[in-house]
Amino acid sequence: MKTRVEVPDDSLFGADNLPYGVFAPDGQNYRVGTRLGDSVIDLAAALGDPEFAEPSLAALMARGPDHWRAVRERIRELVGNEIDSAAVHAVSEVNLGLPVAIGDYVDFYASIDHATNLGRLFRPDSEPLLPNWRHLPVGYHGRAGTVVVSGTEVIRPSGQRRTDSGTPDFGPSRRLDIEAELGFLVGVGSELGDPIETGEFAERVFGVALVNDWSARDIQAWEYQPLGPFLGKSFATSIAPWVTPLAALQSARVSTPEQSPEPLPYLREKEPWGLDIDLTVSWNGEVVAHPPFSRMYWSPAQMLAHLTANGAATRTGDLYASGTISGPEPDQRGSFIELSWGGSEPVLVNGQQRTFLEDGDEVVITASAPGPEGRRIGLGEVRGRIRPAHRRD
């Protein structure tokens, strides 16, 4: 039997979007699908192509931009006609998995508003931006093994925390936070010793996905000097199950804010790769922030160029994320340390004064971007609920 998937005009998942994900109907194996409206289309079944029968996007991602364009055209033609009913599943009735095994993970610090806010919080008597910040996309190498798909519960991490006496104790984080970010997934890797230029971005990066890089601020504050984030960041990073291909974001492309001083030559862009993507952060069902990605100082093309400038190799499935996305207004801050100004200005959540995450709290980050002809496309959601720390008797 054949069916036509009907999509409302105001849907964020129309034929201009078509994100990829890995899904499994109950009791069946994971395979690659695309989302159309409130349905998931099984691409292996609908297209008769075994490339999509694998439980990962890796095979598709590795084949490069010519293949990506060809597959997208096949899918656009497919969804414009009737589809085998057995290949169509309701989103609400399938399990969504990690879209690809993450090879390496790098987290950047690319928002000038976020970096300025944290500088003012941590160094109130100094310039908020450190001397290197306007010269390079600051970042650190994260832990790929703890990148988890949206919906995975997050266990409150434990670690060393500084006490009032200045010496540490050990216990569950008391200042557990979020970081609303956008992640970029490498499709075509690069060889060791071979830097990637900014103009190669669209030939290398397959697509984008929402990220929540959970942060234990008290653990991080004690451990990060002089080498940077470690246990305060490596316990969990959540990623959305839907990967939006770059081709779906052409209408969202904008220039980055003016960069002064001018970046060094390897970071200069031949074409702009800023993105007009609007995020929404909900805390226990209440919207608390609307971070704008269009404000990001460093573009994803510049991040990739810097990531490989020393000759570091990349592989299919590598993930790099933007760092916290924040804007200049209080309701545009993409972390709770900013929203509560270090805990000194509590946020009203469902009638309660809140600063950092408590056990049982759930955070949902969603996003949308301009699409063709005035429509918008959605990037899905990244969701996570906090569970109590494991006991250590």
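Going by the structure above, here's the rest.
These lines cover the structure that appears in this document, whether it is placed above or below.

Rules and cut-offs
Every chain is numbered on its own, with residues counted from 1 as its sequence reads. Residues qualify for local features only when their pLDDT is at least 70, as the model is predicted, and side-chain atom pairs are given and counted only at 80 or more; totals for whole chains, interfaces and linings, by contrast, use all residues. Excluded from the side-chain calculation are hydrogens and water; included are all heavy atoms of the structure. Each helix corresponds to a stretch of at least 4 residues labelled H or I by DSSP, and each strand to a stretch of at least 2 residues labelled E; elements are numbered beginning at the N terminus. Only C-alpha atoms enter the radius of gyration, while the globule expectation follows 2.2 Å times N to the 0.38, with N the number of residues. Whether a residue is buried, partly exposed or exposed follows from its accessible area with a 1.4 Å probe, protein chains only, as a fraction of its type maximum: under 20%, in between, or over 50%, in that order. Each accessible area is a Shrake-Rupley estimate made with a 1.4 Å probe; only the visible protein chains count as cover when residues are assessed. Under the convention used here, Asp and Glu are negative, Lys and Arg are positive, and both His and the chain ends fall outside the count. A charge is said to be at NZ when it belongs to Lys, at CZ for Arg, at CG for Asp and at CD for Glu. Pairs were defined over the aromatic rings of Phe, Tyr and Trp, the Trp ring being its six-membered one, requiring ring centres within 6.5 Å. Orientation was assigned from the angle between planes: stacked under 30 degrees, edge-to-face over 60, tilted for the rest. Two strands qualify as a pair provided that DSSP identifies no fewer than 2 bridges between them. Fitted lines through C-alpha atoms give the axes, limited to the stretch in contact for helices. The angle between two N-to-C directions lies from 0 to 180 degrees. Whether two residues are in contact is decided by their heavy atoms, any of which lying within 4.5 Å being enough. Helix span, as expected, comes to 1.5 Å for every residue beyond the first. An arc is given here, and it is the one of the directions from the helix axis to the C-beta atoms. When a carboxyl oxygen of Asp or Glu is within 4 Å of a side-chain nitrogen of Lys or Arg, the pair counts as a salt bridge. Residues enter a nonpolar core if they are buried and are Ala, Val, Leu, Ile, Met, Phe, Trp, Tyr or Cys, with the set joined through side-chain atoms within 4.5 Å. What qualifies as a polar contact is a pair of N or O atoms within 3.5 Å, subject to a donor-acceptor requirement within protein and to the restriction that residues adjacent in sequence count only when both atoms come from side chains.

Let's shift gears to the overall build of the chain. Per the secondary structure count, the chain includes 8 helices and 28 strands. Its C-alpha atoms give the chain a radius of gyration of 21 Å, within 12% of the compact-globule value 21 Å for 393 residues. Here the chain holds 393 residues, and 54% of them are scored as buried. Total accessible area computed for the chain in this model is approximately 17200 Å², and 48% of it derives from carbon and sulfur atoms. Charge separation in the chain, taken as the distance between the mean sites of 35 positive and 54 negative side-chain charges, equals 3 Å.

Right, let's talk about the packing of aromatic side chains for a bit. For the structure on display, the rule yields 10 aromatic pairs. Here F184 and F293 contribute two aromatic rings whose centre-to-centre distance is 6.3 Å and whose plane-to-plane angle is 50 degrees, an arrangement assigned as tilted. In this pair, F184 sits in strand β15 (residues 180–186) while F293 sits in the loop between β23 (286–289) and α7 (300–307), placing the two residues 109 residues apart along the sequence. Look at F293 and you get buried, because its relative accessible area is 2%. Ring geometry for W283 and F336: centres 3.9 Å apart, planes at 10 degrees, overall stacked.

Further remarks concern the sheet that holds strand β11 (residues 154–155). Within the open sheet, the 5 strands sit side by side as β11-β28-β27-β22-β23. Their pairing is mixed. Each edge of the open sheet is held by one strand with a lone partner, namely β11 and β23. One ladder, built from 6 bridges, connects strand β22 (residues 278–283) with strand β27 (residues 362–370); its direction is antiparallel. Bridge pairing in β27 links V281 to I365.

It is worth spelling out the sheet that holds strand β4 (residues 39–42) at this point. What the 5 strands build is an open sheet, ordered β6-β4-β3-β2-β7; its pairing is antiparallel. Edge positions in the open sheet fall to β6 (88–90) and β7 (94–97), since each of these has one partner strand only. Each strand of the sheet is rotated relative to its neighbour by a mean of 45 degrees, with strand direction disregarded. Examined bridge by bridge, β4 and β6 share 3 bridges and lie antiparallel to one another. What sits directly across from V40, in β6, is H89. Lying over the sheet, helix α3 (residues 65–79) contacts β2 (20–25), β3 (31–36) and β4, oriented at roughly 55 degrees with respect to β2.

Within the secondary structure, R204 is located in helix α5 (residues 201–204). Contacts of R204, omitting those with residues within four sequence positions, involve W68, V186, G187, V188, G189, S190, I196 and L304.

Next up on the list: α3. With 15 residues, α3 should cover 21 Å at 1.5 Å per step; its first-to-last C-alpha distance of 21 Å lies within 8% of that length. What α3 keeps buried is the set P65, H67, W68, V71, R72, I75, L78 and V79. Looking straight down α3, one finds that the buried residues subtend no more than 150 degrees of arc, so they occupy a single side. Opposite the buried face of α3, by more than 90 degrees, sit the exposed residues D66, R69, E73 and E77.

Scanning the entire structure with this criterion turns up 27 salt bridges. Its salt-bridge partner being R74, residue D49 comes within 3.2 Å of it at the nearest N-O pair. With D49 in the loop between α1 (43–47) and α2 (58–62) and R74 in helix α3, this pair connects stretches of sequence that are 25 residues apart. Note on R74: relative accessible area 33%, which makes it partly exposed. Across the pair E362 and R385 runs a salt bridge, and its minimum N-O distance is 3.4 Å.

Okay, the nonpolar core next. L182, I277 and Y320 are the most contacted members of the largest nonpolar core, which has 62 residues in total. Per-element accounting of this core gives the leading share, 5 residues, to α7. Listed in part, the 34 residues of the second largest apolar core include V5, V79, V211 and I239.

Position of Q302 relative to the elements: it lies in helix α7. Residue classification places Q302 among the buried positions, given a relative accessible area of 1%. A polar atom in the side chain of Q302 sits 2.9 Å from the backbone oxygen of L267. Residues in contact with Q302, not counting those within four places in the same chain, are P137, T198, Q259, P263, L267, E269 and Y297.

Right, let's talk about the environment of H135 for a bit. Looking at where H135 falls in the secondary structure, it is placed in the loop between α4 (112–122) and β9 (139–141). Classification of H135 by relative accessible area gives partly exposed; the value is 41%. Considering only alpha carbons, one finds H135 and P263, 128 residues apart in sequence, at a separation of 6.0 Å. Apart from residues no more than four positions distant in its own chain, H135 is found in contact with P261, L267 and W298.

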